[in-house]
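Topology and contacts: notes
Single-letter residue listing:
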Amino acid sequence: MADFLQNCLDGIATGAAYALLALGFTLIFGVLRRLNLSYGPSIMAGVFAGTALYMGFNAGLAEIAIATVIGAVVVGAYIERLCFWAIRKDMAVASMVSSFVIWMQIEEAVTLLFPDRTYAFPGILADAVVEFGPFFLRASSLAMLAIAAIAVLGLLALIYRTHFGLAVRAVSENPEAARVAGVNTGLVTFLAFACASALGGLAGFLIAAGDQQITPLFGLWATFKGLIAMMLGGMGSIPGAVLGGLLLGVVEANALWYLGVETRDLVAYMLLFVVLTFRPGGLMGQAALMARRAAESRV
Amino acid sequence: MLDDHLIGVLSNMGMISFIALSAYLVLVVGEISFGQQAFFAISAYASGIASAMWGWPFLAAVLWGAAIAGLGGLLLAIPTLRIRGLYFAIATLAFAEMVRLALEIFTYQVEVDGELVGPDGSEGFRDIRYIYEADISAGEFLLVILGLLAVTLAIILWIERTRLGAILRMVGEDPALARLQGVNVNLAKIATVAAAGLVAGIGGALYAHLNTYVEPKIFNVMLGVHGLAYGLIGGLGTAFGPLLGVALDIGVLESTRAFSGYRMIVFGGLVAVLLIVRPRGLLDEAAVYRIRRFLLRKHAGD
């Protein structure tokens, strides 16, 4: 039992990182209704911008964090213009494949600029451990949890309490109607994409600082973990992204402990497959999916 | 005579074409699959087991592998019937990764001629030596690949011209309308996904026998996403589209080595621009219609 609880604690810490990645994914999907496979690689490019600053100029943590976020936003803007803004809105598959080839492009560009396998990244609170009775948690994980919680609250406030958030929801609900009502849909989409990239940059900084290293494979990892977490919760749902991330983290941690490293990923994919089979809209997205299908069947 | 490099490139193109065709079939009925590499993998293993461990002849092993892959398609299609759109894409991705990770722990070996042969988890599956024992040259094997590809392509093109092809396109365009026309949408989807599994399976069986060695990590998600992308680059209007996509990527960019080192930067940029101009690929429905009209007019003029 004690093992199980400690695993859950570890899982929640990893899950917080997954949740942050899933939040960015879900924000992009919510406003575009299309999937950005290049989300992870854009974060990876940002983290490498931070690494470059760290290695080249021995910059401080704050500058590195800012460089990471800016790098992710710049690459994100490139992806948004090329793969989403420039492609017809009803061609979702074309956008997705386009974001995939741009992923390959980003990965190759980064590998050319940074040819080694791994690069060092400055750690924050790297060795500190917080103890709760018999249980313990790395301080960096605790920081990640806190920042994830703040990010969720900030995002909810942005989407549900501001004028910009109202525009985002309007574009998400019905882009044509939003345009007629005077919303600059292109700008709102671009800004929401930039917000998601900034959030991704923050997540990437925290994850890289926790690991104290970075590889070009980080892009693949971030895309898939974020995607699985988002799909578990349901696409476009903010609470779903958090739930999906934490659930994925906890299940992975327990599978690792009880079944071993080979089986961990297998269990994660089984979880996803089973959830989608029985709830085809994800855990928190089922109601939205059903509502949309009901609306379609009325038309 | 063709040189070895060219034979290698053409063989690769032929085998990858099966995955591209398989992803294309799923796209025709309106779904996206990130998971066709699973059927490639299933058949590579199943056919390898049949020929290297059970001593089956080559063609029987290929058919067996493809049949098992088709069965895998059926097993994937039934539970995912209610899943649509991007959720379907991710469900197929999860399925394919489950298959790959299961192969990482799958071990089944028997003694053949005093040596242990068979899949050995993440070590892979060595010694699928049929084409060496039967003394088949790379050139002859290329003919086998192209022959099977031609047969598969001919069958798909023929189906596309029939009423069944029109029904499948309708299911992809508008399932609700298809249902109103009395089409059994679920059956059409299940049958197509199973057939797509079979097609990918032929490629997988050929791959295992040409390379004599397979390991689970070859069948990762990149293989499947490339297969999907080829259809979209070449065009979704005809089964020639995926083949054109394969030819452009592997045939022109990878093998000319003109852009080695930064091939993906060039290729990625070109494809991104192509998808802006032609979001359904080079040979999209409109292009196919124009080409067909042009050919018919020429024919009528003779």
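Below is a summary of the structure that appears in this document. Computed from a predicted structure; not experimentally measured.

For the rest of this paragraph, the subject is the overall build of chain A. A tally of regular secondary structure across chain A gives 12 helices and four strands. Relative to the 2.2 N^0.38 estimate, which gives 19 Å for 299 residues, the radius of gyration of chain A is 19 Å and therefore close to what a compact globule would have. Buried residues in chain A amount to 53% of all 299 residues. Looking at chain A alone, contacts between residues at least 24 apart form 75% of all its contacts between residues at least 6 apart. By element, 68% of the accessible surface of chain A is carried by carbon and sulfur atoms, the whole surface being about 12,700 Å². Averaging the locations of the 16 positively and 17 negatively charged side chains of chain A gives two centres separated by 15 Å.

A separate point is the overall build of chain B. Of regular secondary structure, chain B possesses 13 helices and two strands. Radius of gyration (C-alpha) of chain B: 20 Å, near the 19 Å computed for a compact globule of 302 residues. A principal-axis box enclosing the C-alpha atoms of chain B has dimensions of 65 × 45 × 40 Å. Buried residues in chain B amount to 53% of all 302 residues. Long-range pairs, those at least 24 residues apart, make up 75% of the contacts in chain B between residues at least 6 apart in sequence.

Further remarks concern the interface of chain A and chain B. In this complex, chain A contributes 43 residues to the contact, which on the side of chain B involves 42 residues. Where chain A abuts chain B, roughly 3,900 Å² becomes buried across the two surfaces, and 81% of that area is made up of carbon and sulfur atoms. The interface formed by chain A and chain B contains zero salt bridges. Counting across the chain A and chain B interface gives six residue pairs in polar contact (both at pLDDT 80 or more). Counting residues per element, the ones that place at least two in the side of chain A that touches chain B are helix H4 (92–113), helix H9 (218–233), helix H11 (261–278) and helix H12 (286–298) of chain A. With 14 residues, the single largest contributor to the side of chain A that touches chain B is H4 of chain A.

What follows concerns H9 of chain A. Residue pairs three or four apart in sequence face the same way in an α-helix, which turns once every 3.6 residues. All names here are of chain A. Relative to the 22 Å expected for 16 residues at 1.5 Å per residue, H9 spans 22 Å between its end C-alpha atoms, a close match to the ideal helical length. Counting buried residues in H9 gives 14 out of 16 residues, a clear majority hidden from the surface. Positive backbone phi, at 115 degrees, marks Gly234, one or two positions downstream of H9.

All right, on to unusual backbone geometry then. All names here are of chain A. Even without being a glycine, Arg33 presents a positive backbone phi close to 60 degrees. On the basis of relative accessible area, Arg33 is assigned to the partly exposed category, the value being 33%. The residue Gln212 is not glycine, and still its phi comes out positive at about 60 degrees. By secondary structure assignment, the location of Gln212 is in the loop between helix H8 (185–211) and strand E4 (213–214).

Okay, the pattern of salt bridges next. Evaluation of the coordinates by the stated rule reveals 16 salt bridges over all chains. Among the ionic contacts, a cluster of salt bridges with common partners joins Lys225, Glu252, Arg264 and Asp265 of chain A.

Residues and elements named next belong to chain A. Considering all chains together, one arrives at 21 aromatic pairs over all chains under this definition. Judged by centre distance (5.9 Å) and plane angle (75 degrees), the ring pair of Phe48 and Tyr119 falls under edge-to-face. With a gap of 71 residues between them, Phe48 in helix H2 (residues 39–57) and Tyr119 in strand E1 (residues 119–120) connect regions that are remote in the sequence. We classify Tyr119 as buried; its relative accessible area is 10%. Ring centres of Phe84 and Phe193 lie 5.7 Å apart, and the angle between their planes is 50 degrees; this geometry places the pair in the tilted category. In this pair, Phe84 sits in helix H3 (residues 61–85) while Phe193 sits in helix H8, placing the two residues 109 residues apart along the sequence.

Residues and elements named next belong to chain B. With 27 residues, helix H9 (residues 185–211) should reach 39 Å at 1.5 Å per residue; the first-to-last C-alpha distance of 39 Å fits that figure. The element H9 is largely enclosed, with a buried count of 20 among its 27 residues. Once H9 ends, the next one or two residues include Thr212, with phi positive near 60 degrees.

Pairing analysis gives four bridges linking strand E2 (residues 129–132) of chain A to strand E3 (residues 135–138) of chain A, with the strands arranged antiparallel. Of the residues in E3 of chain A, the one forming a bridge with Phe132 of chain A is Phe135 of chain A.

Looking at the element boundaries, Ala91 of chain B is found in helix H4 (residues 85–105). Each residue touching Ala91 of chain B, except ones within four places of it in the same chain, is listed here: Phe273 and Leu276 of chain A together with Thr80 and Ile83 of chain B.

What follows is about the packing of H9 of chain A against H4 of chain B. Where H9 of chain A meets H4 of chain B, the closest approach of the two axes is 11 Å, and the angle between their N-to-C directions is 120 degrees. Relative to H4 of chain B, the element H9 of chain A is oriented oblique. Judged by the twist between their axes, the crossing of H9 of chain A over H4 of chain B is left-handed. The residues of H4 of chain B that touch H9 of chain A, namely those facing Phe224, Leu227 and Met231 of chain A, are Leu86, Tyr87, Ile90 and Leu93 of chain B. Partitioning the contact of H9 of chain A with H4 of chain B into residue classes produces seven nonpolar, no polar and no charged.

Thresholds applied
Residues numbered from 1 in each chain as written. Chains lettered and ligands numbered in written order. Predicted model: local features only at pLDDT ≥ 70, side-chain atom pairs only at ≥ 80, totals over all residues. Heavy atoms only, no water. Helix = DSSP H or I, 4+ residues; strand = E, 2+ residues; numbered from the N terminus. Rg over C-alpha atoms; globule rule 2.2 N^0.38 Å. Buried < 20%, exposed > 50% of the residue type's maximum accessible area, 1.4 Å probe, protein only. Contact = heavy atoms within 4.5 Å. Areas by Shrake-Rupley, 256 points an atom, 1.4 Å probe, with all protein chains shown as cover. Lys, Arg positive; Asp, Glu negative; His and termini not counted. Charge placed at Lys NZ, Arg CZ, Asp CG, Glu CD. Buried area = accessible area lost by both parts, 1.4 Å probe. Salt bridge = Lys/Arg side-chain N within 4 Å of Asp/Glu carboxyl O. Polar contact = N/O pair within 3.5 Å; in protein donor to acceptor, adjacent residues only side chain to side chain. Expected span 1.5 Å × (residues − 1). Phe/Tyr/Trp six-rings, centres within 6.5 Å; stacked < 30°, edge-to-face > 60°. Pairing = 2+ DSSP bridges. Axes fitted to C-alpha atoms, helices over the stretch in contact; angles between N-to-C directions. Parallel < 35°, antiparallel > 145°, perpendicular 65-115°, else oblique. Left-handed = near helix turned anticlockwise from the far one by under 90°. Nonpolar A, V, L, I, M, F, W, Y, C, P; charged D, E, K, R; others polar.

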